[in-house]
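A structural walkthrough
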Amino acid sequence: MQDIEKRINVLIHQMTLEEKAGQMSQIAGDMGDLENIKDTIRKGKAGSVINAIGVEQVNEFQRIAVNESRLGIPLIIGRDVIHGYKTILPIPLGQAASWNPELVKVGARISAIEAAADGIRWTFAPMIDISRDPRWGRIAESLGEDPYLASVLGSAMIEGFQNKDLTRHDSVAACAKHFAGYGYSESGKDYAAVDMSEPRLRNVVLPPFKEAVKAKAATFMTSFSEINGIPASASEFLMKDILRNEWGFEGFIVSDWDAIIQLVDQGFSETKKDAAFAALNAGVDMEMVSQSYADHLESLINESRIGMELIDECVRNILRVKFQLGLFDDPFTNPQIFSEPGSIHHLDISRQAATESCVLLKNEKGILPLEVNKIKNLAIIGPLADEPSEQLGTWVFDAIPEWAETPLQAIRKERENQFNIHYAKGLDFSRSKDRSGFPAAVEAGRNSDVILLFLGEEAILSGEAHCRADIDLPGIQDVLVSELAKLGKPMVLIFLAGRPLTIQNTLEFADAALYAWHPGTMGGPAIADILFGKASPSGKLPVTFPKLVGQIPIYYAQKKSGRPTAEKDIIFIDDIPIGAPQTSLGNTTFHQDAGVEPLFPFGYGLSYGRFEYSKIAISKDRIRLGESFEVYVDLMNAGQYEATEISQLYISDLFASLTRPVKELKKFQRHTLKPGEIKSLQFILHTDELGFYNGKNIYVTETGKFEVFIGADSNTALKISFEIIA
Ligand code: GLC
């Protein structure tokens, strides 16, 4: 490590201010005149290129940087490799539903291999913004609503990308983003303001980022959003006080795209020069695409608004990562030394990830898994049954749609000889309001024993800047459902979407429902495997599903109300007597038209087994601060199929100096049990894991009464009490 610092010092002393500004500037490889881009690199005015396309272009840019610039400093090539590169995995929200860190890590690993083969050694992932608002399009890219789950899976992604040794040619520097608070954009509208207390920031938003530093994420990216009046890209509190000083982060920080010059639009900086000063002063080392550093560093130095030591620190941070990546030793890529993108191995991982991300929401009368010998005619209907590009989801710049296998293709390929397949789209695309396809769809349903109806959202309806104020099924898909329901046939709904949708009414018509998110390249075979029982669904919701959009924000770790209520005690709007006296309905916390419960809680997901929990126990009911303890439970598969259960452990801190959530996820385990099998589970906890940031922003575990819950989802009532003592 000392050798790297020495080599950095030598370079720093050789570099001109313009060359230092160059290292702090990332340019877009796919915007503007190519010769100008090459000239910028040749003059040492770019330290990084985003969106360079293809091996030839990347190697050419590197050749110019190394052989034709004055100091020969290699570029770091960045790209959004969010959930796959050419082989696409489920969207991160889908991967989060797998609750499988090992699988998430492997997915990031194959993504890194495919990207590094093209010379991309820096990805702008994982996105670990805690997301509790499904109106926000970027919930698709997130790992859901829970800090613990997002921490575990985000760290797994970092390990997968960086592979413990950044110098390897197939390692890719990760980028923990968006620091911080972006998921709380007001009204779920992208680029809107964020406002929250520091305890919420520290107890909910920051934990995944803190774990990202522990996981050695090489870079961080600032958020577009302001938080409490200060845009993140100008926040000394976030970048200096917390990221650098409290957490000891040693990598480099990049702004989001144009986020520095947007400080002017946000009314924080009057000019782009002021914006450059604010971002630099707060700690942004590299500017993504906008050129305020390149344009204004010299005058900021000449006016003594900043010192050269500040600039040198930014350049050091950037050069350090480049050295760690081995770019100074060999910046070029040779695809021949990599495994083939789209290889069977990569496709199998994509398929496994898609299988484990599917969440079974409903399965009345055990209609699933489908029994092939009872089906002579199968209807496959819907606007998402055969859409290779749509099933890939958002952030798939380098995907190969031709590699994608749709549900229709998979079922035809694997089962065409077992029954007749009647396919009809019903609607041309998810937003369509054109009913002309309905007769053919109804005809296909009428001639079939079972209807598989594929619904959801086109990919463009989620992701960055793709927010919706109404999260029902788009278009008239719900009309198609009700038309088909009139046939009285068994009907399975399969949803492909980038967010939770408000599907309460739609589900009334379904005998079974499977949520596949946007499942990626191998979504078709994965869904088929589950529908026909080659795999049992094991996914659990990483985010709460509201009944109505008006319930948002709704999430399991809500704070306790002073006026709690239970769904069973609520008088709903249609049941209120006419002329009811004002206080006759009880003054408790609920919506008259939605109650207090979500449609599906965080952690919910059925399987083909039937899991029962019993005999919760604890190693001791009085635990001293600083001690570990165990919690036990028996898990039984009372069903008739082998299945996998993700058992979840939550704690509740009953009384504290700051009010605490009703529950907080602290552990989870996955177990596959045969029918009738019973397993005794043991969870080990330490009192340090039960703490929170208090009113003085100090992390503490307070003594007092706690409850620990274990079960199949966040609604579990199976609990045992204990006390923490000094
Ligand atoms: C985008 C996104 C960010 C992404 C970057 C580069 O605007 O906010 O997540 O990594 O720009 O594409």
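Below, the structure is looked at part by part. Note that the structure is a prediction, hence the values are computed from the model and not measured.

This paragraph deals with the side chain of Thr544. Turning to its location among the elements, Thr544 is positioned in the loop between α20 (523-531) and β17 (611-618). Thr544 sits in the buried class, given a relative accessible area of 3%. Each residue touching Thr544, except ones within four places of it in the same chain, is listed here: Glu145, Pro500, Ile554, Tyr555, Tyr556, Pro598, Phe600 and Phe602.

Take the site of the ligand next. Lining the immediate environment of the ligand, one finds 13 residues, of which Asp80, Arg138, Lys177, His178 and Asp256 sit closest. Within the contact set of the ligand, an oxygen atom lies 2.8 Å away from a side-chain nitrogen or oxygen of Lys177. Side-chain polar atom of Glu464 to an oxygen atom of the ligand: 2.9 Å apart, as the coordinates give it. A total of 310 Å² of accessible area belongs to the ligand in isolation, and the protein chains cover 95% of it. Residue composition of the shell around the ligand, by class: seven nonpolar, one polar and five charged.

With respect to topology, five strands assemble into an open sheet ordered β4-β3-β2-β1-β10, the strand pairing being parallel. Taken across any chain shown, the strands that pair with only one partner, and hence form the sheet edges, are β4 (122-123) and β10 (287-288). Bridge analysis of strand β2 (residues 48-50) against strand β3 (residues 76-79) gives three bridges, and the strand direction is parallel. Within the sheet, the bridge partner assigned to Val49 lies in β3 and is Ile77.

For the rest of this paragraph, the subject is the nonpolar core. Counting 105 residues, the largest nonpolar core has Met24, Trp122, Phe179, Phe220, Tyr293, Leu297 and Ile311 as the members making the most contacts within it. Those residues within four positions of Met24 in sequence are excluded, and the remaining contacts are Leu280, Asp285, Met286, Glu287, Tyr293, Leu297, Ile311, Cys314, Val315 and Ile318. If you look at the next biggest cluster of nonpolar residues, it comprises 40 residues, including Ala140, Leu473, Leu507 and Phe600.

Here we take up the pattern of salt bridges. Applying the stated criterion across every chain yields a total of 56 salt bridges. Ionic pairing is found between Arg320 and Glu5, a salt bridge with its closest N-O pair at 2.8 Å. Pair noted here: Arg320 is in helix α14 (residues 308-324) and Glu5 is in helix α1 (residues 2-14), with a separation of 315 residues, a long-range link. Each of the two residues, Arg320 as well as Glu5, counts as buried. For Glu68, the salt bridge goes to Arg42, with nearest N and O atoms at 2.4 Å. Highlighted residues: Glu68 in helix α4 (residues 54-68) and Arg42 in helix α3 (residues 34-42), separated in sequence by 26 residues. A relative accessible area of 32% places Glu68 in the partly exposed class. Residue class for Arg42 comes out partly exposed when judged on its relative accessible area of 28%. Salt bridges linked by common partners bring Glu35, Lys38, Asp39, Arg42, Lys43, Glu60, Arg63 and Glu68 together as one network.

The side chains of a regular strand alternate between the sheet's two faces. Sheet topology note: the β17/strand β19 (residues 628-637) ladder contains six bridges and is antiparallel. In the strand pairing of β19, Glu612 is matched with Met636.

The rules we used
- Residues numbered from 1 in each chain as written.
- Predicted model: local features only at pLDDT ≥ 70, side-chain atom pairs only at ≥ 80, totals over all residues.
- Heavy atoms only, no water.
- Helix = DSSP H or I, 4+ residues; strand = E, 2+ residues; numbered from the N terminus.
- Buried < 20%, exposed > 50% of the residue type's maximum accessible area, 1.4 Å probe, protein only.
- Contact = heavy atoms within 4.5 Å.
- Near = heavy atom within 4 Å.
- Polar contact = N/O pair within 3.5 Å; in protein donor to acceptor, adjacent residues only side chain to side chain.
- Areas by Shrake-Rupley, 256 points an atom, 1.4 Å probe, with all protein chains shown as cover.
- Nonpolar A, V, L, I, M, F, W, Y, C, P; charged D, E, K, R; others polar.
- Pairing = 2+ DSSP bridges.
- Core = buried A, V, L, I, M, F, W, Y, C linked by side-chain atoms within 4.5 Å.
- Salt bridge = Lys/Arg side-chain N within 4 Å of Asp/Glu carboxyl O.

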